[in-house]
Amino acid sequence: MPAVSLKCRVCGTTHDLEGIGTCRSCFGPLDPVYDRETQARVTRASITAGPHSIWRYADFLPVEPLPNQALAPGMTPLVSAPRLAEELGIGELWLKLDTANPTHSFKDRGVAVAAAKARELGLTTLACSSTGNLANAVAARAAADGFEAAVFTPAGLEHEKLIATSVYGATLYAVEGSYDDVSRLTVELSFELPWGFVNAALRSYYAEGSKTVGFEIAEQLGFELPDAVFAPIGSGALYAKIFEGFREWKELGLVDGTLPRMYGGQAEGCQPVVTAWETGEKVTPVRPATQALSIAIGNPADGDYAIEAARASGGGFFSVPEADIADNIVELAHATGVWGETAPAVTFGALKEAVARGVVGPNDRVVLVVSGDGLKTPGLVSHLVDAITIPPDADVVLDLVGAAV
Ligand SMILES: Cc1ncc(COP(=O)(O)O)c(C=O)c1O
Ligand SMILES: [Zn+2]
């Protein structure tokens, strides 16, 4: 395994590959460091000969995969969306359908990585704070690999997400507070309980799983980088790690083309990263008031890291009006046949804003990350059901459609 240590993003201190969420010297976030010489032996051919899952990228992940690779996530479809590309006036539009993961969101990727680390550390319970999708992913992963699971979510999440968590058998704690309250609670608990909190003590491993979205996009485009990528911003990890994945492969010469511009979307009711981007200040926490519950994170752990990625890539961030979120879900579904949840609806809103401002256009090959499934957030669009009730009589239908004989 090429991972050799964890390194603090703030003070640069190096740590062993332990289950510590933050730097012992300054509490900064930690990222895995890899032996580039070992990684330099990886080729396009060795990657494509690997398993049909994130584990084909094991040389770029900080864990050894569990031996049986049960319920492995990844290798989700990258599909073109020609009708929407034409409507928007952009060269090419590709949708990365991370809804095709085992629990219908990209969260399965990072959880598989964190679970492998938890097993290595001898932990028997997986845990997390979650805005819903991570809870589903932890619950299913625990079932697949034989862990106990305990998940903590804000009370008041979409019922569909809670059902999915419960059906896999996890213990579900509904916390009276915002996601940021839940996150604080689990960080505190992670110091007291011998549980594998995937996005606290195991965060360096969990977050790294999102790099595989970038690897797959590049591989599926024939090891060529796209011109622009649009992703949602919750904690900022998905967005920043996609870019990190592109950057690693570019450095190793595994991909052709230049690094893509990275664009991120936040809902107007929770846009601390957009605000920091526009003002040039550090990210300042806000109190979320948005319908996009999966990205309702007021104190994003990787917000400043995401801003660095935007700067390095020549991208940026856009705010999306709350009033547009439900319409965006429907517009994306009508134009592509893909039903995303609120986070991709916000991402799509960011894409439309970028088109309106002329920052992406006819010369661009664009990828939009569909990070979660509309089936989990049907509440926003359930009013659309307007069935025409009829008897089983063809004449009635012909009459109705104006084709009476
Ligand atoms: C569907 C979906 N998209 C995006 C995000 C945001 O990801 P991140 O916290 O890595 O920015 C989340 C979860 O937080 C999510 O559930
Ligand atoms: Zn540090």
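Each value, and the rule that gives it
- Residues numbered from 1 in each chain as written.
- Chains lettered and ligands numbered in written order.
- Predicted model: local features only at pLDDT ≥ 70, side-chain atom pairs only at ≥ 80, totals over all residues.
- Heavy atoms only, no water.
- Helix = DSSP H or I, 4+ residues; strand = E, 2+ residues; numbered from the N terminus.
- Polar contact = N/O pair within 3.5 Å; in protein donor to acceptor, adjacent residues only side chain to side chain.
- Contact = heavy atoms within 4.5 Å.
- Pairing = 2+ DSSP bridges.
- Domains from an automatic or database assignment.
- Buried area = accessible area lost by both parts, 1.4 Å probe.
- Salt bridge = Lys/Arg side-chain N within 4 Å of Asp/Glu carboxyl O.
- Expected span 1.5 Å × (residues − 1).
- Buried < 20%, exposed > 50% of the residue type's maximum accessible area, 1.4 Å probe, protein only.
- Near = heavy atom within 4 Å.
- Areas by Shrake-Rupley, 256 points an atom, 1.4 Å probe, with all protein chains shown as cover.
- UniProt positions renumbered as here; feature names shortened; annotations may be inferred.
- Donors = N, O, S within 2.8 Å, 3.2 Å for Na, K, Ca; no water.

K.L.:
Looking at this structure, I do not really get the side chain of serine 294. What am I missing?
P.N.:
Here serine 294 shows up in the loop between α11 (272-279) and α12 (303-313). Here glutamate 341 takes part through its side chain, which lies 2.4 Å from a polar atom of the side chain of serine 294. Sequence-distant contacts of serine 294, defined by excluding residues within four places in its chain, comprise Thr131, Asn133, Lys161, Glu341, Thr342 and Ala343.

K.L.:
Any chance you could explain the pairing of strand β5 (residues 92-97) here in plain terms?
P.N.:
Successive side chains on a regular strand alternate, one facing one side of the sheet and the next facing the other. Bridge analysis of strand β4 (residues 78-80) against β5 gives three bridges, and the strand direction is antiparallel. Paired with valine 79 across the bridge in β5 is leucine 95. The pairing of β5 with strand β13 (residues 365-370) spans six bridges and is parallel. What sits directly across from tryptophan 94, in β13, is valine 367.

K.L.:
Looking at this structure, how should I read the domain arrangement of the chain?
P.N.:
One frequent convention defines the size of an interface as the accessible area lost when the parts assemble. Segmentation of the chain into domains returns domain 1 (3-66 + 107-206) and domain 2 (78-104 + 210-383). For domain 1 and domain 2, the distance between their C-alpha centroids amounts to 21 Å. On the domain 2 side, the residues contacting the 33 residues of domain 1 number 40 residues. For the pair domain 1 and domain 2, the two sides together bury roughly 3,100 Å², of which 50% comes from carbon and sulfur. For domain 1, the biggest contributors to the area lost against domain 2 are Arg44, Tyr57 and Arg109; these three give 23% of the whole. Here domain 1 and domain 2 share nine salt bridges between them. The closest approach of N and O atoms between arginine 109 and glutamate 216, which form a salt bridge, is 2.8 Å. Remark: the boundary between domain 1 and domain 2 carries 21 residue pairs in polar contact (both at pLDDT 80 or more). Counting only elements with at least two residues in the side of domain 1 that touches domain 2, the list comes to β3 (30-34), α1 (36-39), α2 (44-48), α4 (107-120), α5 (133-145), α6 (159-167), α7 (179-192) and α8 (203-208). Considering every element that reaches the side of domain 1 that touches domain 2, the biggest residue donor is α5, with four residues.

K.L.:
I keep staring at helix α10 (residues 237-251) and nothing clicks. Help me out?
P.N.:
Structurally, the α-helix is built with 3.6 residues per turn, so residues lying three or four positions apart point the same way. Helix length check: α10 (15 residues) gives 21 Å between terminal C-alpha atoms against 21 Å at 1.5 Å per residue, within 8%. Among the 15 residues in α10, 12 count as buried, and that is most of the element. Ala237, Leu238, Tyr239, Ala240, Lys241, Ile242, Phe243, Glu244, Gly245, Phe246, Glu248 and Trp249 are the residues of α10 that are buried. One or two steps after α10, the chain reaches glycine 253, where phi turns positive at roughly 70 degrees.

K.L.:
Would you mind going over the site of ligand 1 with me for this structure?
P.N.:
In the neighbourhood of ligand 1, 17 residues make up the surrounding shell, with Asn133, Gly234, Ser235, Leu238 and Ser371 lying closest. Glycine 236 is positioned such that a nitrogen or oxygen atom in its backbone is 2.9 Å from an oxygen atom of ligand 1. Within the side chain of serine 371, an N or O atom sits 2.7 Å from a nitrogen atom of ligand 1. Within the complex, 98% of the 390 Å² of free accessible area of ligand 1 lies under protein.

K.L.:
Mind showing me how you'd approach the UniProt feature "domain: Tryptophan synthase beta chain-like PALP" (unreviewed entry) in the chain here?
P.N.:
The feature "domain: Tryptophan synthase beta chain-like PALP" (unreviewed entry), as given by UniProt, occupies residues 72-372 in the numbering adopted here. Within the segment residues 72-372, helix and strand shares are 45% and 17% respectively, and the terminal C-alpha atoms sit 17 Å apart.

K.L.:
Is there a simple way to explain the coordination of the zinc ion (ligand 2) in this structure?
P.N.:
Where a metal carries four tetrahedral donors, each ideal angle is 109.5 degrees; where it carries six octahedral donors, the ideal angles are 90 or 180 degrees. Distances from the zinc ion (ligand 2) to its protein donors, Cys8 (SG), Cys11 (SG), Cys23 (SG) and Cys26 (SG), fall at 2.3 to 2.4 Å. Each donor residue of the zinc ion (ligand 2) belongs to the same chain, with the gaps between them written as C-x2-C-x11-C-x2-C. Taken together, the residues cysteine 8 in strand β1 (residues 3-8) and cysteine 23 in the loop between β2 (14-15) and β3 connect sequence positions 15 residues apart. For cysteine 23, a relative accessible area of 1% translates into the label buried.

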